[in-house]
Amino acid sequence: MTATATDRKTDRETGETVELSVVVPARDEELRLSPTLDALVDHLEQTGAGWEIVVVDDGSTDATGDLVAARRDPRIRAVTGEGRGKGHALRLGVAATRGRRILVTDADLATPVTELDRLEHALTEGHAAAVGSRAVPGATLGDRQHRARELLGKAGNLVIRATAVRGIRDTQCGFKLFDGDKARAAFAASRVDGWAIDVEVLRHFQRADWPVAEVPVHWSHRPGSKVRPPDYLRFLRDLARLRRTDLLAVLLFLAFSVALYSGRVLDPAHRYLTDSLQDQNQWEWFFAVTADNVAHLRNPLFSDLQGFPDGVNLMANTAMPGLSVPLTPVTLLFGPAVTLSLVMTLGLAATAAAWYWLIAKRLTPHRGAAFAGATLAAFAPPFVSHANAHPNFVVLFMIPLIVDRALRLCAGTRVTRDAVILGLMAAYQVFLGEEALLLAAIGMLLFALAHTAVRPKEAAAAVRPLLRGLAIGAAVCLPLALYPLAWQFSGPQSYDGIDHGTAPGTANSLRALLTFAERSLLAGDAEATRALTLNPTEQNAFYGWPLALLALAITVLLWRRRPVVRALSATVLVAALLSMGPRVGGVPGPWALLDELPLFESVIESRVAMICGPVLGMLVALAVAERTAAGVTRTVRHAGLAAVGLALLPLVPAPLRSEPRAEVPAFYTDGTWKSYVQDGETLVPVPLAEPGAAEALHWQTAAGLGFRMPGGYFNGPYGDGDRTGVYGVPLRFTASLLQDAQVTGVVPVIDTAAREATAADLAYWRAGVLVLTPQPHADVLRETVDKLVGRPGRRVDGVWVWDLHD
C-alpha cells in the first residue's frame, strides 16, 4: 500500500480512522435526502468506527446542497458536480473518499442501510466488492416498481451479462460496498458519465481478477425516480461505448496486420514474400500435407511426400498442428497459400489483441496505454522479421493467456480450476510452437525472480499455490502432449538437436540490440542490419537506441512508485544479456549456463531477445498511463507522450516485400506427371529440393500432393546412425552433382563411376522420372542429366523429362 493510500484512511479533520466512506449521488433530492442522511448517520454511529458521508450534488436546482451544509458535521461533506450524470458524480465522490471501504448508495435508500452487514460479511471473506442484488435467492422485495420498468431492467441485465459483466444478475441495484483503494482505482479509470457506470466499474473488477460477491438484499421501490425513458437508450449507448473502444483496438490491430501483409494478402496464391527465402514454400507444404493426412485419415505427424524414402517427422518441424489440423477444410477448399495468409494475418492481429487484454487487465485499465503497449508487444521488430516466414513466432495469442493464468495461480483463489485451464492452454501451445512456449517460460521465470527480489513477501505467499497449480497443470498437459512429444523426440526421423554454429546473428551484439530494424519505415538500413543477422527472417533484436533510452527513463521515473517497473526492467535487461550468447564481450555470459542443456542447445540465442518486445510494451503502457496520474502537469504529460512517440516512430515497419510468383509448369497443374510416376515411385526434381531452393515443394503442392520426391526442406537427422539435426537431407552423389552444376554453371565430368553412382541413387529413391523446370543454368543441368542417364530428355508441357521406364 502506498503512503497516499494510507493517508486516505485518516480523517484529517477529526483524527479518526475512516473505516467506511458512504458516497451518495444526488440531483434535486431536496425531499428525499434528509431522511436518507438521518438513517445513515443513525446506523453508522452504532458501529463505533470512523465514517464519512460524501454527497455529490450533481447540478441540483433545488436546496439539495444546502441540506448538507446545514448538518454542520465535518464527517458529512458535499462535492459539487456538473450535472453530467450519475457516472460523473460517482467518479467525483469516490475520488474524494478516504475510507478503507466505500459504500455507494442511491439517495432514496431503496435498500435500507441495515443490509450493510451482509455486504461487509462478503468483504470479510475476501471479496473486493459486494453487490446488493434483487435477483439472487434470498433477496426480498417490498413495494415493486412498475411492471414495465421491471421488464426493462431484466432485459437490460441480460444484455449486460452477455456483453460486459459475466455472472452478476443485478448490476444496477444502488447499494454496493467496495474495497476502498480498488474502488478509487476503478472509478478513476472509468469513462462513462451516465447510469452504466456500475457496469463499467464491475467490469474493471472482473478484468483485474478482483472477486465480486452478489449478495441478496431487501429492496423497495421509492417514488421520485430520476430514471426517464430516454435514459434506457442512453444506457445502451454507454454500454456500446464500453465495448467500442476494445472493438476499435482490435480493428486497428487487424488493419496494421493487413497493412504489413498488403503485398500478398489480397492475392496469396500468386504472390511470394521476398524475404521469406524458401520458408513460404515450406509452410504452405506443411499446411497442405497436414490437410491431406487428415482428409485421408493418416497420421498428421508424419509424411514421406518429401525426403523419400525416410520421410519427415512433422511434429519435429513446427508444422503447427494446432492450426493446420482444424483449418483442414479451409486448406482443402481454398489451398494452402490462402490458409497460410489467413493464419499469419489474423494470427498477428489476435496476438496484439491478447496482449492488449492482458495489459488492460493486469497493468493499467487505460485503454490508450494498453493499445500502445500491445502494439509494441506484437509488432516489435523481431516479430515483423519473423512475419516474413515463421507463423510459429507470429501466432502467439496463447502466450498472454498463459501468463494471465499463471498469475491467477499466484493469487491462490481457484488453484485447481486455473491449473487445469493452464494445463490445457500449455498443451495447445505445444501444438502451435514449442520454442515460443519455452521463450515465454524463460520470460516468466525472469520476471518471477525479479519480482521476488522486489516484493519478497508477496512472492513468498504465492509460492505454495503456484507450485501446486503447476503440478496440476503438468498433470493435465502431459497426457495430452505426451504421445506427440514422444513422436517428436524418438519417432521416425527424430533428431537430438541442431547446432546453429557461431555465425553472425546466432547471438545478438549490443549493436544489434540498439540498431534500427531493416523494415523500419523511416530508419531502416538493410546493409547494416543484415551484417548482424543470419538472414532477413532472423532479425531478432533491432529495438533501436531511442526505445532503449525511453525504457531507461521509464525505469528511473517510476522506480519507486511502481515496483512492477523494477521487475519488468530487470526482465528486459537479463533477456537481452541472454540473447548475446554464451560469451558477452569476451567473457562468459548468462547463456553459458544453459547452452549445453537439452532443448536449449537447439535455440538460436538471438531469439531470446524476443522476450523483450512484450515487456518493453508493458513499460510503455505504464508510461502512457502515468499521464493521468495525480500531480502530472499538462507540460510534463505532453513531453512524456512526445518522448514515447519519438521512441516508437522508428519501429513503425514498412510493408513486407513481395513479388509475383512464378507460374507452375503445366506438367504439374495439368496432371501430365501422372503418366510418368507409377505406384511406389517418386518424381525427382532437377536439382533436388533443398533449404536454399525449395520451389519443388510448391510444384508438389500444386499437383495435389500426388507424388513423392526425394530431397526437400525440413529438419531431420543426419542419418547413418547420426541423430544430429540438420536442415534438409544430406546430399547423395547425384544430388550434390546437380547442385554443383546449377551453382557453377559448368557441366561436370561424367564418367562410368558417376553413371553407376547415379543409377544407385535413382534406385534408392525409386525414381520414375527426372524433371527439369526453367531456371538459371537450365541448359547446363539438361546436358548433365543427359550424360548421367545416357539419353536426352524430352520437352513436355513446359519442362524437360527423363522417363526412367524407357
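Quick note: structure is the one above.
Residues numbered from 1 in each chain as written. Predicted model: local features only at pLDDT ≥ 70, side-chain atom pairs only at ≥ 80, totals over all residues. Heavy atoms only, no water.

Description of empty space enclosed by the protein
One way to see where empty space is left: roll a probe the size of a water molecule over the atoms. To keep things clear, this is the line we draw: Computed over the protein atoms alone on a 1 Å grid, cavities are sets of points where a 1.4 Å probe fits but cannot get out and pockets are open sets with protein on both sides within 12 Å along at least five of seven lines; a residue lines them when it has an atom within 4 Å of a point. Grid points are joined across faces, edges and corners, and a volume is the space filled by probe spheres set on the points.
Per the counting criterion, the structure on display carries four cavities of 30 Å³ or more. Put simply, the largest cavity is a space of about 70 Å³. Every residue along the wall of the largest cavity is listed here: Pro381, Val384, Ser385, Ala517, Glu518, Arg519, Ser520, Gln539, Leu651 and Pro653.

Section: the sheet that holds strand β21 (residues 799–803)
Stated precisely, the cut-off is as follows: Two strands are said to pair when DSSP picks up at least two bridges between them. Secondary structure elements are defined from DSSP: runs of H or I of at least 4 residues count as helices, runs of E of at least 2 residues count as strands, and each element is numbered from the N terminus. The axes are straight lines fitted to the C-alpha atoms, using for helices just the contacting stretch, and the angles between their N-to-C directions are given from 0 to 180°.
Ordered by their spatial adjacency, four strands build an open sheet running β16-β19-β21-β20, and the pairing between neighbours is mixed. Every interior strand has two partners, whereas the edge strands, β16 (682–686) and β20 (794–796), have only one. Within this sheet the neighbouring strands show an average axis-to-axis angle of 35°, counted without direction. In this structure, β16 lies alongside strand β19 (residues 767–772), joined through five bridges in parallel fashion. Residue pairing across strands places proline 685 opposite valine 771, the latter belonging to β19.

Focus: helix α13 (residues 336–362)
Heads up, the rule is: Expected helix span is given by 1.5 Å per residue-to-residue step, counting one fewer step than there are residues. Only protein chains enter the accessibility calculation, which uses a 1.4 Å probe; a residue whose area is less than 20% of its type maximum is buried, one above 50% is exposed, and one in between is partly exposed.
Here α13 spans 37 Å end to end across 27 residues, near enough to the 39 Å set by a 1.5 Å rise per residue. With respect to burial, α13 is a largely interior element, 21 of its 27 residues being buried.

A short note on the pattern of salt bridges
Should their charged atoms come close, side chains of opposite charge can pair. In plain terms, the rule: Take a side-chain nitrogen of Lys or Arg and a carboxyl oxygen of Asp or Glu: if they are within 4 Å of each other, that pair is a salt bridge.
Scanning the entire structure with this criterion turns up 30 salt bridges. Taking the shortest distance from any N to any O, the salt bridge between glutamate 52 and arginine 77 comes out at 2.7 Å. In this pair, glutamate 52 sits in strand β2 (residues 51–57) while arginine 77 sits in strand β3 (residues 76–80), placing the two residues 25 residues apart along the sequence. Since its relative accessible area comes to 0%, glutamate 52 is described here as buried. Residue lysine 361 is joined to aspartate 404 by a salt bridge in which the shortest nitrogen-to-oxygen separation is 3.2 Å. With a gap of 43 residues between them, lysine 361 in helix α13 and aspartate 404 in helix α16 (residues 398–411) connect regions that are remote in the sequence. Among the charged side chains, a network of salt bridges with common partners joins Asp275, Glu518, Arg530 and Arg657.

Re the state of the cysteines
The condition is simple: Criterion for a disulfide: a pair of cysteine sulfur atoms at a distance within 2.5 Å.
Following the criterion strictly, the structure yields zero disulfides and no others. For cysteine 410, which is in no disulfide, the shortest distance to another cysteine sulfur is to cysteine 477 and amounts to 18 Å. Classification of cysteine 410 by relative accessible area gives partly exposed; the value is 27%.

Quick notes on the pairing of β16
A regular strand places its side chains on the two faces of the sheet in alternate fashion. Most of β16 is tucked away: five of the five residues are buried. Of the two faces of β16, both are covered, the one formed by Thr682, Val684 and Val686 as well as the one formed by Leu683 and Pro685.

Concerning the pairing of strand β18 (residues 722–727)
Relative to β18, strand β17 (residues 715–719) is paired through four bridges, and the arrangement is antiparallel. Within β18, the residue paired with proline 717 across the bridge is glycine 725. What sits between β17 and β18 in their antiparallel hairpin is a turn of two residues, with aspartate 720 showing a positive phi close to 55°.

Structural notes on unusual backbone geometry
Proline 309 follows phenylalanine 308 through a cis peptide bond whose omega is 10°. Position of proline 309 relative to the elements: it lies in the loop between β11 (302–303) and β12 (312–313). The peptide bond linking valine 686 to proline 687 adopts the cis configuration, its omega dihedral lying at -10°. Relative to the assigned elements, proline 687 resides in the loop between β16 and α27 (695–702). The phi angle at leucine 277 is positive, at roughly 55°, despite the residue not being glycine. Mapped onto the fold, leucine 277 is located in the loop between β10 (271–273) and α10 (279–295). Phi is positive for aspartate 797, which is not a glycine, with a value near 45°. Within the secondary structure, aspartate 797 sits in the loop between β20 and β21.

Some thoughts on the environment of arginine 464
Tracing the backbone through its elements, the reader meets arginine 464 in helix α19 (residues 456–490). In this structure the C-alpha to C-alpha distance between arginine 464 and serine 490, which are 26 residues apart in sequence, comes to 35 Å.

Notes on the packing of α16 against helix α17 (residues 415–430)
Basically, it comes down to this: Just so you know how the angles are binned, under 35 degrees is roughly parallel, over 145 roughly antiparallel, 65 to 115 roughly perpendicular, and the rest oblique. Helix crossings are classified by the rotation of the near helix relative to the far one: an anticlockwise turn of less than a right angle makes the crossing left-handed, while a clockwise turn makes it right-handed. Should any heavy atoms of two residues lie within 4.5 Å, those residues are counted as being in contact. Ten residues, namely Ala, Val, Leu, Ile, Met, Phe, Trp, Tyr, Cys and Pro, are considered nonpolar, four, namely Asp, Glu, Lys and Arg, are considered charged, and the remaining ones, Gly among them, are considered polar.
Look at α16 against α17: their axes get within 9 Å of each other, and the N-to-C directions meet at 155°. By the angle between their directions, the pair α16 and α17 is classed as roughly antiparallel. The element α16 and its partner α17 pack so that their crossing is left-handed. Where α16 approaches α17, its residues Met398, Ile399, Leu401, Ile402, Arg405, Ala406, Arg408 and Leu409 are matched on the opposing element by Val415, Arg417, Asp418, Ala419, Ile421, Leu422, Met425, Ala426, Tyr428 and Gln429. Of the residues in the contact of α16 with α17, the class split is 13 nonpolar, one polar and four charged.

Let's talk about the side chain of threonine 290
Tracing the backbone shows threonine 290 in helix α10. Residue threonine 290 is classed as buried on the basis of its relative accessible area, which comes to 1%.

Focus on the environment of alanine 576
Mapped onto the fold, alanine 576 is located in helix α23 (residues 563–578). Taking the relative accessible area as the measure of exposure, alanine 576 reaches 14% and is therefore buried. Spatially, the C-alpha atom of alanine 576 lies 8.8 Å from that of methionine 610, the residues being 34 residues apart in sequence. Sequence-distant contacts of alanine 576, defined by excluding residues within four places in its chain, comprise Leu513 and Cys612.

What to know about the packing of aromatic side chains
What counts here: Here is the rule: rings of Phe, Tyr and Trp (six-membered ring for Trp) pair when centre to centre is within 6.5 Å. Planes less than 30 degrees apart are stacked, more than 60 are edge-to-face, and the remainder are tilted. Criterion for a charge above a ring: Lys NZ or Arg CZ within 6 Å of the ring centre, and within 35 degrees of the ring normal.
If you walk through the whole model with that rule in mind, you get 19 aromatic pairs. Taking 5.0 Å as the distance between ring centres and 15° as the angle between the ring planes, the aromatic pair formed by phenylalanine 253 and phenylalanine 371 counts as stacked. Of this pair, phenylalanine 253 sits in helix α9 (residues 229–260) while phenylalanine 371 sits in helix α14 (residues 367–379), and the two are 118 residues apart along the sequence. Judged by relative accessible area, which is 0%, phenylalanine 253 ranks as buried. An angle of 45° between the planes, with centres 6.4 Å apart, marks the rings of tryptophan 283 and phenylalanine 287 as tilted. Taken as a pair, tryptophan 283 and phenylalanine 287 lie in helix α10 at a separation of four residues, close to a single helical turn. Taken as a pair, tryptophan 283 and phenylalanine 287 share a single burial class, namely buried. Following the ring pairs from residue to residue traces out a cluster consisting of Phe667, Tyr668, Trp673, Tyr676, Trp699 and Phe707. Above the face of the tryptophan 210 ring, lysine 182 is positioned so that its terminal group lies 5.4 Å from the ring centre. When the ring centre of tryptophan 800 is taken as reference, the NZ or CZ atom of arginine 782 above it lies at 4.2 Å.

Overview of a nonpolar patch on the surface
Stated precisely, the cut-off is as follows: Residues forming no salt bridge and having over 30% relative accessible area are the ones grouped into patches, like charges within 9 Å of each other and nonpolar side chains (Val, Leu, Ile, Met, Phe, Trp, Tyr) within 5 Å. Computed with a 1.4 Å probe, the accessible areas rest on the Shrake-Rupley method; for each residue, only the protein chains presented here act as cover.
Residues Leu510, Leu514, Trp545, Leu549, Leu552 and Val556 make up a contiguous nonpolar surface patch of roughly 620 Å² in combined accessible area. Counting only elements with at least two residues in the nonpolar patch, the list comes to α20 (510–514) and α22 (545–558). The leading source of residues in the nonpolar patch is α22, at four residues. Along the chain, the position of leucine 510 falls in helix α20.

Brief notes about the sheet that holds strand β7 (residues 175–179)
Ordered in space as β3-β2-β1-β4-β7-β5-β8, the seven strands form an open sheet in which the pairing is mixed. Strands with a single pairing partner mark the edges of an open sheet, and in this sheet they are β3 and β8 (212–216). In this sheet, neighbouring strand axes are inclined to one another by 20° on average, regardless of whether the strands run parallel or antiparallel. Here seven bridges tie strand β1 (residues 20–26) to β2, and the two strands are oriented parallel to one another. Along β2, the bridge assignment pairs proline 25 with valine 56. Across the sheet, helix α3 (residues 64–71) lies against β1, β2 and β3, angled at about 150° from β3, the strand it touches most. The strands touched by helix α5 (residues 116–124) within the sheet are β1, β4 (101–105), β5 (129–133), β7 and β8, with β7 carrying the most contacts at an inclination of about 30°.

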